[in-house]
Amino acid sequence: MATIDEVPPGGATGSHDDVIENPRRRDYLSIGAVAFAGVGVGVVALPLINQMSPSADVLALSTTELDLSAIEPGQAIKASFRKQPLFVRNLTPQEIEAANKVPLSDLRDPQSLAERTKEGKANWLVTLGVCTHLGCVPLGAGEGENKGPFGGYFCPCHGSAYDTAGRIRQGPAPLNLAVPDYSFTSDTTILVG
Amino acid sequence: MSFPWAQHYAPKHPLMQWVDSRLPLPRFVYNAIGGGYPVPRNLNYFWNFGIMAGAALMIQIVTGIVLAMHYAANGAVAFDSVESIMRDVNAGWFLRYAHANGASMFLAVVYIHIFRGLYYGSYKAPREMVWLLGVVIFLLLMATAFMGYVLPWGQMSFWGAQVITGFFSAIPGIGETIRIWLLGGYAPDNAALNRFFSLHYLLPFVILGVIILHIWALHIPGSGNPTGVEVKAEQDTVPFHPYYTAKDGFGLGVFLIVFAALLFFAPNYLGHADNYIPANPLSTPAHIVPEWYFWPFYAILRAFTVDFIIPAKLWGVLAMFGSILLLFFLPWLDRSPVRSANFRPMYRTLFWVLVADVLVLGFCGGAPAEPAYIIASQIAAAYYFLHFLVLVPIVSALERPRPLPNSITEAVLEGKSGSRMRETAVTGAPAAAE
């Protein structure tokens, strides 16, 4: 501060005296300078924080196109969506019936099969293969894998069991297997993401 | 800061006098861990574990820096680079086994160090700041150990990262966004591996900095001792050097023998075979377990199975973090002015029940998630919180402590500290040194 007094800024010499007589004006300069530096720190912090968000090449994987024509009723495939497993299952009429028979009040995370599939495509169940408990990959999509007591998926880590609509029925997982955003681009292809 | 009778640093050699007047670093060391730091004369071997933890950190830093010269933090080659360290790099197997088992040794001595503090009331006034900084070090240590375990990019590495970062998705609303931000993707991948490597390299030096604060805070009031009675006069203390440099040196030798036995004869005993399978995002190991030093906390995480107001998963995460964070409040939960459990019969019983409780939690955390273990971990987790939040405050108000010795010297000369501890304190543990 003393240096400011000794070396007045260029311009009107009268302002120099004012600064000495009126310390509050000098406080204003301090607050302004610190605030300016604070804004600067904030602006620099943004890229430092945001660099940790998914990068462009990771985001580029955020849509996946899948051909469903080879999946027979009762079969399922494991695909990859955003580096996470994706289950696509062609439900049999019996499996659809089994899912529809369950009253919503019996469910931990109440959702009907219709809400989890696309209109007119109730046989196509598309879910992430990520257990909603702690992120393990449930069994049941591959040929001969344990489908658990409800005929859908079964997580070997902590025993969560999902039904034929991918809904949580038993075990520690809190939610149904997530249904990602997807749409049918033709009768037999879907675009996930 | 030291006692008035502390020896003074008086360099005789002209070169040391020249250095002392320009940069008094030797003086600083002399006053910290040399003859200039008077220490209670009655410390037992449990007071060695701080030095051991410091030595373990230095071993981790040295082996870690050289391992980083051969390791590649890229999802495509990380696993292979670790295998190349094991097979191709000269003495690479030794360095990696030393680093992996060094982490276990570090956590083991830190746990004994923490329980030493709990038994002898080291967290009480005027040493609260020492304790608080210690809890900070413990948290940093756990973060560092977790990220280090991810680096070999085996199956346990990958699924450990998946499960641990999954904790954050339990936060309502913004949890999933935070998880994706932490990972730099939707599942653990290259971005996560790289940032974990970067932070795994950084955090040990942060720990080193906090350890310096920890020791600084300790040296303001000076070290505690097994009687919990403060130093009153010069005859209660001996200079740190040569008395405790010798004693710590002996303890360090025992530590290194145990370390060497583990490293050379059972280097994979504490690891998991699954981590020698490369990470596979599409296949989960049947039984995911963290490293042994996280088991008690993993058991608390899994103990919550029923939604109550908030989802069970969020309860589990809150309880797990809470179980460590409540240690920050311990100096104010325990109101008893008597420090050492040797003179607190009720608290001493509680202490040993807590030790058993944490061992049960540890056992359950390492066991598969079967109903019997879940119920055991629920009971043990409930008791853990009961101990700190209810029993310790009540006991510290109700308990009638046994009479304290008038001074450390009196306790030593009458054998109060020595013989009584041998009779009453720790069955099978080393008795008081003096």
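Every chain is numbered independently, its residues counted from 1 as its sequence is written. Chains and ligands are labelled sequentially in the order written, the chains with letters from A and the ligands with numbers from 1. The predicted origin of the model limits local features to residues at a pLDDT of at least 70 and limits the giving and counting of side-chain atom pairs to 80 or more, whereas totals for whole chains, interfaces and linings rest on all residues.

Chain B is annotated in an unreviewed UniProt entry as Cytochrome b of Sphingomonas desiccabilis.

By the naming in an unreviewed UniProt entry, chain A is Ubiquinol-cytochrome c reductase iron-sulfur subunit, taken from Sphingomonas desiccabilis. UniProt positions are given in the numbering used here, feature names are shortened, and annotations may be inferred rather than shown by experiment. According to the UniProt record, the Function (unreviewed entry) comment for chain A reads "Component of the ubiquinol-cytochrome c reductase complex (complex III or cytochrome b-c1 complex), which is a respiratory chain that generates an electrochemical potential coupled to ATP synthesis." Quoted verbatim from the Subcellular location (unreviewed entry) field of the UniProt record, the comment on chain A reads "Cell membrane".

**With respect to the overall build of chain A**
If you tally the helices and strands in chain A, you get six helices and nine strands. Burial is judged by counting other C-beta atoms within 10 Å of a residue's own C-beta: 20 or more means buried, 12 or fewer means exposed, and anything between counts as partly exposed, with every C-beta placed from the backbone. Scored against the burial criterion, the 193 residues of chain A give a buried share of 30%. Secondary structure elements are defined from DSSP: runs of H or I of at least 4 residues count as helices, runs of E of at least 2 residues count as strands, and each element is numbered from the N terminus.

**A few points about the confidence of the model for chain B**
All names here are of chain B. The predictor attaches a confidence to each residue, and that confidence, scored 0 to 100, is pLDDT. Chain-level pLDDT for chain B is 91 on average; 95% of the residues reach the 70-or-more range. Contacts for the low-pLDDT stretch residues 421–434, under 50 throughout, to residues beyond four places or in other chains number 23 contacts. Interface scoring of the predicted complex returns ipTM 0.72; its pTM is 0.86. Contact definition: two residues whose C-beta atoms, as placed from backbone geometry, lie within 7 Å.

**Side note on the sheet that holds strand E9 (residues 189–192) of chain A**
Residue and element names in this part refer to chain A. Pairing is antiparallel across the open sheet formed by three strands, whose spatial order is E1-E9-E8. Edge positions in the sheet fall to strand E1 (64–67) and strand E8 (182–184), since each of these pairs with one other strand and no more. The mean inter-strand angle of the sheet, taken between neighbouring strand axes irrespective of direction, is 20°. Strands are treated as partners if at least two bridges between them are detected by DSSP. Here four bridges tie E1 to E9, and the two strands are oriented antiparallel to one another. Interaxial angle, 0 to 180 degrees, is taken between N-to-C directions of lines fitted to C-alpha atoms, where a helix line uses only the stretch in contact.

**A look at the UniProt feature "domain: Cytochrome b/b6 N-terminal region profile" (unreviewed entry) in chain B**
As recorded in UniProt, the sites labelled "domain: Cytochrome b/b6 N-terminal region profile" (unreviewed entry) are residues 15–227 of chain B. Segment residues 15–227 of chain B splits into 70% helix and 1% strand. End C-alpha atoms: 43 Å apart.

**Structural notes on helix H6 (residues 128–150) of chain B**
Residues and elements named next belong to chain B. Over its 23 residues, H6 extends 34 Å from the first C-alpha to the last, a length consistent with the 33 Å expected when each residue adds 1.5 Å. When H6 is considered as a whole, its buried residues turn out to be Val130, Trp131, Gly134, Ile137, Leu141, Thr144, Ala145, Met147, Gly148, Tyr149 and Val150. If you follow the buried residues of H6, they end up packed against helix H5 (92–119), helix H7 (155–166), helix H9 (190–219) and helix H13 (330–333). One less than the number of residues in a helix, times 1.5 Å, gives the span that helix is expected to have.

**A look at the UniProt feature "binding site: heme b b562" (unreviewed entry) in chain B**
Residue and element names in this part refer to chain B. The UniProt record annotates "binding site: heme b b562" (unreviewed entry) at His99 and His200. On the basis of their most widely separated C-alpha atoms, the annotated residues across 102 residues gather in one place, lying no more than 12.7 Å apart. Examined against the element boundaries, His99 turns out to sit in helix H5. With near-sequence residues (within four places) excluded, His99 lies in contact with Gln60, Thr63, Gly64 and Leu67. Residues in contact with His200, not counting those within four places in the same chain, are Thr144, Met147, Gly148 and Leu151.

**Re the interface of chain B and chain A**
Chain B puts 24 residues into the contact, and the matching count from chain A is 21 residues. Listing elements by their share of the side of chain B that touches chain A, those giving two or more residues are H7, helix H8 (175–183), H9 and helix H12 (312–325) of chain B. A total of three residues in the side of chain B that touches chain A trace back to one element, the largest contributor, which is H7(B). Any residue that is not Ala, Val, Leu, Ile, Met, Phe, Trp, Tyr, Cys, Pro, Asp, Glu, Lys or Arg is counted as polar, Gly included; the first ten are nonpolar and the last four charged. Tallied by class, residues from the side of chain B that touches chain A come to 13 nonpolar, seven polar and four charged.

**Describing the sheet that holds strand E4 (residues 124–128) of chain A**
Sheet strands pair via backbone hydrogen bonds, and the direction of the pair is either parallel or antiparallel. Residues and elements named next belong to chain A. Sheet architecture is open: three strands sit in the order E2-E3-E4, paired in antiparallel fashion. Each of the sheet's edge strands pairs with one partner strand only, and the pair in question is strand E2 (76–81) and E4. Ignoring strand direction, the axes of neighbouring strands in this sheet form an average angle of 25°. Pairing of E2 with strand E3 (residues 84–90) involves six bridges; the strand directions are antiparallel.

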